[in-house]
Each structure stands twice: as C-alpha cells, then as structure tokens.
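One-letter residues, chain by chain:
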Amino acid sequence: MKSELFKKVDAEKGNLFSLIQRLIQIKSYSGDEKEIVEYIVLRMKEFGFDEAYHDGFGNAIGKIGNGPIKIMYDAHIDTVKVTETENWIHPPFEGKIENGKLYGRGAVDEKPAMAGFMIACKVLKEIYGDDLPFTLYVVGSVLEEDADGYPLFHIIQNEGIRPDFVVLGEPTDLKVYRGQRGRMELKITTTGKSAHGAHNHKGINAIYKMQPVLEEIEKLDRRLKPKQPLGKGSITVSQIISKAPSLCSVSDYCQIHLDRRMTIGENKTTVVKELKEILKKYKIDAKVSIPNVEGLSWKGRKFCQEAYFPTWVYDEKHSIVDAAMKTSKAAIGKAKSGVWSFSTNGVATAGHFGIPTIGFAPSDEGLSHSSKEVLVLNDLLKATKFYSLFPFNILSGK
Ligand SMILES: [Zn+2]
C-alpha cells in the first residue's frame with residue numbers, strides 16, 4: 001500500500017508544484033481570502049473530492065471518504081501583509097521557482113500544506129474511490145493570523161464537524177510537532193483623581209499607581225520557570241495608555257496591555273491570580289481584565305472571542321504522536337518530534353476541545369512573517385507522502 005501511495009504522489013509532482021505556485025500568486029491577506037477560497041473549492045471538485053464548499057465563516061472545506069474515524073487536515077490560507085520595509089529576493093506574489101525553491105508570501109506560513117493536503121486526497125480518491133476506511137476533511141481556514149483557533153472553533157461549534165484527530169499544516173521543518181505554548185492578553189487599569197497641574201497635591205495620579213505594577217511584571221517575567229518540552233512562559237507589557245482632562249492635569253486613568261505566553265501548568269486562572277497578588281502586595285485598587293478579539297470574515301460574518309488561547313501538548317507516547325512518527329519514518333526516512341514557539345489553530349482543537357492534534361509540514365517556523373519565506377519543493381513532496389499515509393496509521397493504532 002505504502003509504495004503504491006508514494007509512487008502515485010511522485011507522479012503528481014508537477015501538479016503539486018504548480019498548485020503551490022498558484023496559491024502563492026493569489027494574494028490572501030487575513031479577511032480578504034475570497035479569491036483563494038473559491039480557487040481551492042474549485043480545484044477540490046476537479047480532484048474528485050466527495051464534497052467541496054465554503055462554510056458560513058468563509059473557510060474552504062473539502063471531504064473525502066465516509067468511514068467512522070474522522071480526521072481533519074487544516075492549513076490556514078490567509079497570510080500576514082507585505083510591508084514596505086520588507087526586502088524580498090523575488091516579488092512576494094510572483095511565485096518564482098529557482099533551483100527547486102519557491103519564494104513568496106505564504107511559502108512558509110502556511111500555504112504549502114494546503115497544496116499537499118489536496119494532492120494527497122486526489123491520490124487517495126484515485127486509488128480507493130468510494131472505499132476509503134476513514135473520513136478526511138481538508139480545511140483551508142481563514143483569518144487565522146488575526147484570530148488563531150477561531151476558524152476551527154467555528155467549524156466544530158457551528159458547522160457540525162467534530163474530528164477525532166487533527167493535523168495542522170503550520171511549518172515544522174518536517175518534524176512531528178505535538179504542542180505549543182498558550183497565549184493570552186490582559187489589561188490592568190488604575191484610576192485616580194484628576195486635578196489642575198498647578199494644584200497637583202489635590203489629585204491622585206493613576207500613572208504613579210501603575211508604576212509598582214510595571215516593575216513587578218518585569219520581575220515576574222524573569223521568575224517564570226521553564227517546563228519541557230514547551231520551555232518558559234513570558235509576560236510582556238505591550239502598551240500603556242493614560243488619560244487626563246488636559247496635558248496640564250493630573251492623570252486619572254492608566255491602562256496597560258499585556259501579552260502572556262503560557263507553558264505547561266499556566267492557564268487563565270493562574271495568570272490572573274499572579275497579577276492580583278501583585279496588586280494585593282502593594283494594596284493597589286486596579287482592575288484586571290481579559291479583552292475580546294473581534295473581527296469580520298470575508299463572508300461578512302462577525303466574530304468575537306475572549307483573548308485566551310490555551311496551552312496544549314501531547315506526550316510522545318500518545319497514539320496520535322506515535323502514528324505521526326511512524327508515518328514520518330515511512331515518508332521521509334526519519335522521525336523527530338518538536339513543538340511550536342508560536343500559536344496555531346491547535347488552541348481550539350486541542351486547547352478548547354481536547355481533540356488530539358499534531359503538526360507536520362515543510363519549512364522553518366522562524367522564517368514566518370518575514371521576507372525570507374522560501375519553500376524547498378522536494379520537502380513539500382515528502383510532506384505530501386506523509387499526508388497520504390497518515391490516516392491509515394491512525395486507523396491501525398486504534
Ligand atoms: Zn501560520
């Protein structure tokens with residue numbers, strides 16, 4: 001079976017490379033993915049998918065097979081913007097291929113997986129027709145860069161699809177990634193009493209109230225302990241704003257915005273608690289809150305989500321990791337596990353819903369969002385072999 005699958009994937013090499021080239025050429029910034037979604041749905045139909053459509057949020061969804069075990073392959077197809085200061089070797093939407101490498105925005109994060117998923121399904125349908133022993137969904141999720149997790153949260157919550165296993169196409173450099181640090185955003189607000197600057201003794205300055213909080217947060221960041229394999233969490237003050245009746249007055253409002261990365265054992269409760277302890281220590285009457293992330297998809301669907309994205313990680317002995325390691329060995333001749341430093345749609349599948357999730361894709365995560373995005377095309381061919389075989393190894397591990 002394995003050799004037949006891989007032979008068929010090899011025979012699709014030309015299709016695979018021209019598909020990923022085309023996906024790079026279609027600009028698809030977050031919130032503006034209509035063209036690429038319609039293109040993907042069209043190609044899925046051509047490739048013989050049993051179903052291909054876009055859902056209520058605007059995600060592209062394809063399905064092959066009808067077996068009892070449901071597997072979801074997800075690649076977000078939105079990208080971050082190209083900024084004026086970025087220096088590209090080749091224009092970011094040209095889809096230039098040179099010496100076996102493809103350059104452009106999304107060549108790392110993370111269009112290659114989408115092309116690999118689609119070709120793997122084409123091959124599976126050609127060999128097995130209507131006799132696939134599993135159900136495989138391929139999702140091209142939208143708006144991930146603005147709202148990690150939300151597109152899959154929507155599918156599970158509102159579209160009636162609940163997979164048993166999930167594979168993410170975020171870059172892993174052909175390793176099996178099995179977790180990531182979580183992240184959340186917080187705000188701390190202090191209030192005071194405004195007064196004329198000439199009579200400042202009559203006021204209470206909200207900025208001064210924030211001062212010890214800032215110092216303690218800096219110390220807290222240094223105190224956070226690493227927990228393997230995810231390493232250490234972090235806390236960063238990303239913004240400070242204040243208000244006063246005028247620039248000649250005592251400020252009566254101060255608010256800081258925090259980015260918090262969470263390792264194993266850190267969650268919403270522990271994070272809020274450690275901040276409240278700082279406030280208690282200095283007897284500061286400040287408010288700690290978690291903001292919402294809001295936005296609009298290309299289909300006009302509004303979303304609103306608390307800015308809390310839970311940590312998740314699976315043990316190397318977990319059946320999904322084991323199946324992925326076996327698949328990697330068969331597809332590329334080696335198997336290594338790892339974790340992401342950044343956040344992925346796994347915050348919804350694994351973090352919120354507890355659905356076993358792993359990642360496997362070409363390219364180095366460190367090149368994401370940079371002008372250095374480049375894909376080694378042969379690595380995508382290897383990943384596509386992985387995608388074609390993985391469902392069978394999940395089944396045999398059950
Ligand atoms: Zn990504």
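Predicted model, so just to flag it, every value in this text is computed and none were measured.

The rules we used
- Residues numbered from 1 in each chain as written.
- Predicted model: local features only at pLDDT ≥ 70, side-chain atom pairs only at ≥ 80, totals over all residues.
- Axes fitted to C-alpha atoms, helices over the stretch in contact; angles between N-to-C directions.
- Helix = DSSP H or I, 4+ residues; strand = E, 2+ residues; numbered from the N terminus.
- Parallel < 35°, antiparallel > 145°, perpendicular 65-115°, else oblique.
- Left-handed = near helix turned anticlockwise from the far one by under 90°.
- Contact = placed C-beta atoms within 7 Å.
- Nonpolar A, V, L, I, M, F, W, Y, C, P; charged D, E, K, R; others polar.
- Buried ≥ 20, exposed ≤ 12 C-beta atoms within 10 Å, placed from the backbone.
- Pairing = 2+ DSSP bridges.
- Domains from an automatic or database assignment.
- Core = buried A, V, L, I, M, F, W, Y, C linked by C-beta atoms within 7 Å.

## Points about the packing of helix 1 (residues 2-11) against helix 10 (residues 377-396)
So, step 1. Remark: helix 1 packs on helix 10, axes separated minimally by 10 Å, with the N-to-C direction vectors making an angle of 140°. Here helix 1 is positioned oblique relative to helix 10, judged by the angle of their axes. Helix 10 is crossed by helix 1, and the crossing has right-handed handedness. Side by side, helix 1 and helix 10 meet where Lys 2, Leu 5, Phe 6 and Val 9 of the first sit next to Leu 381, Thr 384, Lys 385, Ser 388 and Leu 389 of the second.
So, step 2. Tallied by class, residues from the contact of helix 1 with helix 10 come to five nonpolar, two polar and two charged.

## What to know about the pairing of strand 7 (residues 165-168)
So, step 1. A two-sided burial pattern is seen for strand 7, the buried positions comprising Phe 165 and Val 167 on one face and Val 166 and Leu 168 on the other.
So, step 2. Alignment of strand 3 (residues 70-76) against strand 7, held across four bridges, turns out to be parallel. Bridged to Met 72 within strand 7 is Val 166.
So, step 3. Where strand 7 meets strand 18 (residues 357-359), three bridges bridge the pair, whose relative direction is parallel. Following the sheet pairing, Leu 168 is matched in strand 18 by Gly 359.

## A short note on the domain arrangement of the protein
When the parts of a complex come together, some accessible area is lost, and that lost area is often used as the size of the interface.
So, step 1. Taken domain by domain, the protein consists of domain 1 (2-180 + 311-396) and domain 2 (182-295).
So, step 2. The straight-line distance from the C-alpha centre of domain 1 to that of domain 2 is 38 Å.
So, step 3. Listed by partner, the interface residues are 11 residues for domain 1 and 10 residues for domain 2.
So, step 4. Residue composition of the side of domain 1 that touches domain 2, by class: five nonpolar, five polar and one charged.

## Focus: the nonpolar core
So, step 1. If you look at the biggest cluster of nonpolar residues, it comprises 102 residues, and the most contacted ones within it are Ile 20, Tyr 73, Phe 117, Met 118 and Cys 121.
So, step 2. Looking at this core, the element that brings in the most residues is helix 4 (residues 111-128), giving 10 residues.
So, step 3. Sequence-distant contacts of Phe 117, defined by excluding residues within four places in its chain, comprise Tyr 73, Ala 75, Val 138, Gly 169 and Tyr 387.

## Describing the environment of Gly 95
So, step 1. Within the secondary structure, Gly 95 is located in the loop between strand 3 and strand 4 (97-98).
So, step 2. According to the C-beta neighbour criterion, Gly 95 is partly exposed, with 19 such atoms within 10 Å.
So, step 3. Sequence separation between Gly 95 and Arg 22 is 73 residues, and the spatial gap between their C-alpha atoms is 7.1 Å.
So, step 4. When neighbours within four sequence positions are excluded, Gly 95 is seen to be in contact with Gln 21, Ile 24, Gln 25, Leu 102 and Gly 104.

## Some points on the pairing of strand 3
So, step 1. Burial analysis of strand 3 places six of its seven residues in the buried class, which makes it a mostly covered element.
So, step 2. Looking at chain direction, strand 3 and strand 6 (residues 135-141) are connected through seven bridges and run parallel. Opposite Met 72, over in strand 6, you have Tyr 137 as the bridge partner.

## Description of the sheet that holds strand 5 (residues 101-103)
Strand pairing in a sheet relies on backbone hydrogen bonds, with the paired strands running either antiparallel or parallel.
So, step 1. Reading across the sheet, the three strands line up as 4-5-19 and stay open at both edges, with antiparallel pairing between neighbours. Strands with a single pairing partner mark the edges of an open sheet, and in this sheet they are strand 4 and strand 19 (374-376).
So, step 2. Sitting on the sheet, helix 10 is in contact with strand 5 and strand 19, with an inclination near 65° to strand 19.

## Here's the deal with the environment of Phe 353
So, step 1. Within the fold, Phe 353 resides in the loop between helix 9 (346-352) and strand 18.
So, step 2. Exposure remark for Phe 353: the 16 C-beta atoms within 10 Å place this residue in the partly exposed category.
So, step 3. For the pair Phe 353 and Lys 70, spaced 283 residues apart in sequence, the C-alpha to C-alpha distance is 15 Å.
So, step 4. Setting aside residues up to four positions removed in sequence, Phe 353 forms contacts with Ile 156 and Ala 348.

## Quick look at the environment of Asp 173
So, step 1. Within the secondary structure, Asp 173 sits in the loop between strand 7 and strand 8 (176-180).
So, step 2. A sequence separation of 165 residues divides Asp 173 from Gly 338, and the C-alpha atoms of the two residues are 9.7 Å apart.
So, step 3. Not counting residues within four places of it along the chain, the set of residues in contact with Asp 173 comprises Ser 363 and Asp 364.

## What to know about unusual backbone geometry
So, step 1. Going from Asp 109 to Glu 110, the amide bond is cis rather than trans, its omega being -20°.
So, step 2. With respect to the element layout, Glu 110 can be found in the loop between strand 5 and helix 4.
So, step 3. With omega at 5°, the peptide bond leading from Gln 228 into Pro 229 counts as cis.
So, step 4. Within the element layout of this structure, Pro 229 appears in the loop between helix 6 (206-223) and strand 10 (234-243).
So, step 5. For Asn 99, which is not glycine, the phi dihedral falls at a positive 50°.
So, step 6. With respect to the secondary-structure elements, Asn 99 resides in the loop between strand 4 and strand 5.
So, step 7. In this model, Asp 173 sits at a positive phi of 55°, which is unusual for a non-glycine residue.

## Points about the packing of helix 2 (residues 13-25) against helix 4
So, step 1. Direction vectors running N to C along helix 2 and helix 4 enclose 140°, while the axes themselves pass 9 Å from each other. It follows from the interaxial angle that helix 2 and helix 4 lie oblique. For helix 2 against helix 4, the interelement crossing comes out right-handed. Seen from helix 2, the contacting residues are Asn 15, Leu 16, Leu 19, Ile 20, Leu 23 and Ile 24; seen from helix 4, they are Lys 111, Pro 112, Met 114, Ala 115, Met 118 and Ile 119.

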